[in-house]
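Chain by chain, the residues:
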Amino acid sequence: MTKRINAMNNRFFRLSIWTCTLVLMVMLQAACSTKGDDPRPDTQPPDEQPGPAILKEKAAFGMGAAIKTAHLTELAYANTVKNHFSQVTAEWEMKMELIWSSASGYNWNNADRIVDFASDNGLEVHGHTLVWYKSFPGWFKNAAYDSIAFEDHVKSYIQTTVGRYKGRVKSWDVANEIFNDNGTLRSTDCPVFATFKDPIGFYGRCFEYAHEADPEARLFYNDYSVVLASAKRSAIKRMVSRFKNEGIPIHGIGDQFHYRVTTDKSTIKNGLTDMASTGLLIHLSELDIIVNVLQSESYAFTQAEAQKQADMYRFIVESYESLPDNQKFAITTWGVTDKYTWLTDYWHAKEYPLLFDQNYQEKEAYRGFLAGLKND
Ligand code: XIL
């Protein structure tokens, strides 16, 4: 009996070896013939080739990019966003004047495309921006509402917009740029300042309206030069204290970070630490670094210039990394590629402010960003 079992085991063993060998040969042949017959090159197309290291995989916080729907049909653009970033912000298309076409009319086309693109690709969305003096639509300004009608309309806008994207847009800039650098409230061209005796009280209610529409959404105050202008920063901190005392939901502060290679580093570092003393989430919300600081027509973006920019990116990321971990919300670059940057129009000079060049190749700035990240 034992002999028979041994003989069967031996036969089974030989059969298994033979079967394995056959399977291996077939697989080998298949692999060889695919290679031989396939006219495609060995490597992936450049659009899909990952860079040396992927930003979103290395960063322990959100890695954001401002995007525009017009570019999403460009494969390299869409792939760069998908490969390297974990969240997106609409650079333009989720602002009030774009969405709010009349008192009761909303145009969601492009905002929906941004949010759909993000959910299709597993990206978070940071909403920008609910109330910004520059983005009240013409029809609204012409209506010259009194404070009651003004607030009713804005409340309805906020709740309709935040409610529509509830659970899909995880955070919002509720108010943008309400202070001057000297800490006073912005009055020029600001419909809120012109309408309310206590503009900060109004902005506080905007935070409450947004919170009612999506209690899970994290709500930010956003401005520029927060780390540079200490009087502005103090005004923001006073507003935050007031909101906290009044139980108004504010979760974070954003500094846009449209800075330059020449911006003073210790001022950046100290300002960031001071922002974080609020205990709120900190967002570097619109990061780009100007290199052509003299706005010269003959400017050349040389290797030395690229390195200066990389050093600044590295310094900014290192400074951000030194903040408490639970306050690091995200760093968002204001664009994806030097091919498309708002600075081309706004700055009136040749510019190369971002992490990817015109051909979507990682720049020195990209490597500087990576080098600034903590490697634990
Ligand atoms: C800019 C966009 O980049 C442009 O495309 C648009 O024409 C105007 O707005 N601060 C902000 C951003 O908060 O919303 C601005 O974005 C840049 C300055």
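Report follows, based on the coordinates. The structure displayed is predicted, hence computed values, not measured ones. Numbers given to residues run from 1 along each chain, matching the order in which its sequence is written. Confidence filtering applies because this is a predicted model: local features only for residues at pLDDT of at least 70, side-chain atom pairs given and counted only at 80 or more, and all residues used for totals across whole chains, interfaces and linings. To get the side-chain values, all heavy atoms of the structure are used, and hydrogens and water are removed first.

**Section: the pattern of salt bridges**
Okay, so step 1: Salt bridge, as applied in this entry: a Lys or Arg side-chain nitrogen positioned within 4 Å of an Asp or Glu carboxyl oxygen. Scanning all chains against the criterion turns up 18 salt bridges.
Okay, so step 2: Asp112 serves as the salt-bridge partner of Arg164, at 2.7 Å between the closest nitrogen and oxygen. Residue Arg164 is found in helix α7 (residues 147–164), and its partner Asp112 is found in helix α5 (residues 109–120); the two are separated by 52 residues along the sequence.
Okay, so step 3: Only protein chains enter the accessibility calculation, which uses a 1.4 Å probe; a residue whose area is less than 20% of its type maximum is buried, one above 50% is exposed, and one in between is partly exposed. Classification of Arg164 by relative accessible area gives partly exposed; the value is 38%.
Okay, so step 4: In this structure, the salt-bridge partner of Lys232 is Asp181, at a minimum N-O distance of 2.9 Å. With a gap of 51 residues between them, Lys232 in helix α10 (residues 230–245) and Asp181 in the loop between β6 (169–176) and α8 (191–195) connect regions that are remote in the sequence. Starting at the N terminus, helices and strands are each numbered in turn, a helix being any DSSP run of H or I of at least four residues and a strand any DSSP run of E of at least two.

**Section: the packing of aromatic side chains**
Okay, so step 1: Note on aromatic contacts: the rings of Phe and Tyr and the six-membered ring of Trp form a pair at centre separations within 6.5 Å, being stacked when their planes are under 30 degrees apart, edge-to-face when over 60 apart, and tilted otherwise. Applying the stated rule across the entire model yields 28 aromatic pairs.
Okay, so step 2: Residues Phe140 and Tyr145 carry aromatic rings whose centres are separated by 5.2 Å and whose planes lie at 70° to one another, so their mutual orientation is edge-to-face.
Okay, so step 3: Tyr145 sits in the partly exposed class, given a relative accessible area of 22%.
Okay, so step 4: Charge-over-ring placement is defined geometrically: NZ (Lys) or CZ (Arg) within 6 Å of the ring centre, and within 35 degrees of the ring normal. Stacked on the ring of Tyr224, the Lys or Arg Lys232 has its end atom at 3.6 Å from the ring centre.

**Side note on the site of the ligand**
Okay, so step 1: Lining the immediate surroundings of the ligand are 13 residues, of which Glu91, Lys95, His128, Glu286 and Trp334 lie closest.
Okay, so step 2: One of the side-chain N or O atoms of Lys68 is found 3.3 Å from an oxygen atom in the ligand.
Okay, so step 3: Contact distances for the ligand include 2.7 Å between an oxygen atom and a side-chain N or O atom of His128.
Okay, so step 4: Computed with a 1.4 Å probe, the accessible areas rest on the Shrake-Rupley method; for each residue, only the protein chains presented here act as cover. For the ligand, the protein covers 81% of the area, taking 410 Å² as the surface of the free molecule.
Okay, so step 5: Note that Gly is not counted as nonpolar here; it falls among the polar residues with everything else outside the nonpolar set of Ala, Val, Leu, Ile, Met, Phe, Trp, Tyr, Cys and Pro and the charged set of Asp, Glu, Lys and Arg. Split by residue class, the shell around the ligand holds four nonpolar, four polar and five charged. Whether a residue is near a molecule or strand depends on its heavy atoms: if one lies within 4 Å, it is near. Any N or O atom pair separated by 3.5 Å or less is treated as a polar contact, with the protein-specific requirement of one donor-capable and one acceptor-capable atom, and with residues adjacent in sequence counted only for side-chain atom pairs.

**Details of the packing of helix α11 (residues 265–276) against helix α12 (residues 303–321)**
Okay, so step 1: The angle between two axes is taken between their N-to-C directions and runs from 0 to 180 degrees, where each axis is a line fitted to C-alpha atoms and a helix contributes only its stretch in contact. Running from N to C, α11 and α12 cross one another at 20°; their axes reach a closest spacing of 10 Å. Relative to α12, the element α11 lies roughly parallel. Handedness of the crossing formed by α11 with α12: right-handed. Seen from α11, the contacting residues are Lys265, Ile268, Lys269 and Leu272; seen from α12, they are Asp311, Met312, Phe315, Ile316, Ser319 and Tyr320.
Okay, so step 2: For the contact of α11 with α12, a count of residues per class yields six nonpolar, one polar and three charged. We call two directions roughly parallel when the angle between them is under 35 degrees, roughly antiparallel when it is over 145, roughly perpendicular when it lies between 65 and 115, and oblique otherwise. The crossing is said to be left-handed when, going from far helix to near helix, the turn is anticlockwise and less than a right angle, and right-handed when the turn is clockwise. Two residues form a contact once any of their heavy atoms are found within 4.5 Å.

**Considering unusual backbone geometry**
Most peptide bonds take the trans form, and the phi angle of most residues other than glycine is negative.
Okay, so step 1: For the peptide bond that leads from His128 to Thr129, omega is 0°, which places it in the cis range.
Okay, so step 2: Checked against the element boundaries, Thr129 lands in strand β5 (residues 124–132).
Okay, so step 3: You will see that Asp189, though not glycine, has its phi angle at about 55°, which is positive.
Okay, so step 4: Checked against the element boundaries, Asp189 lands in the loop between β6 and α8.

**Points about the packing of helix α9 (residues 199–213) against α10**
Okay, so step 1: With their axes 11 Å apart at the nearest point, α9 and α10 run at an angle of 60° to one another. Relative to α10, the element α9 lies oblique. Considering how the two elements wind past one another, α9 and α10 form a crossing that is right-handed. For the pair α9 and α10, contact is made by Ile200, Gly201, Tyr203, Gly204 and Phe207 and by Met239, Arg242 and Phe243, respectively.
Okay, so step 2: Split into classes, the residues belonging to the contact of α9 with α10 amount to five nonpolar, two polar and one charged.

**Quick look at the pairing of β5**
It is a general feature of regular strands that their side chains alternate between the two faces of the sheet.
Okay, so step 1: Taking burial as the measure, the nine residues of β5 include eight buried ones, the bulk of the element.
Okay, so step 2: What makes two strands pair is DSSP finding at least two bridges between them. Of the strand pairs in this sheet, strand β2 (residues 87–90) and β5 are connected by three bridges, and their pairing is parallel. Residue Val88 lies in a different strand from β5, and its bridge partner there is Val125.

**Focus: the pairing of β6**
Okay, so step 1: The buried fraction of β6 is high, at seven of eight residues.
Okay, so step 2: Relative to β6, β5 is paired through six bridges, and the arrangement is parallel. Within β6, the residue paired with Trp132 across the bridge is Asn176.
Okay, so step 3: Pairing analysis gives five bridges linking β6 to strand β7 (residues 218–223), with the strands arranged parallel. Looking at β7, one finds that Ala175 is bridged to Tyr221.

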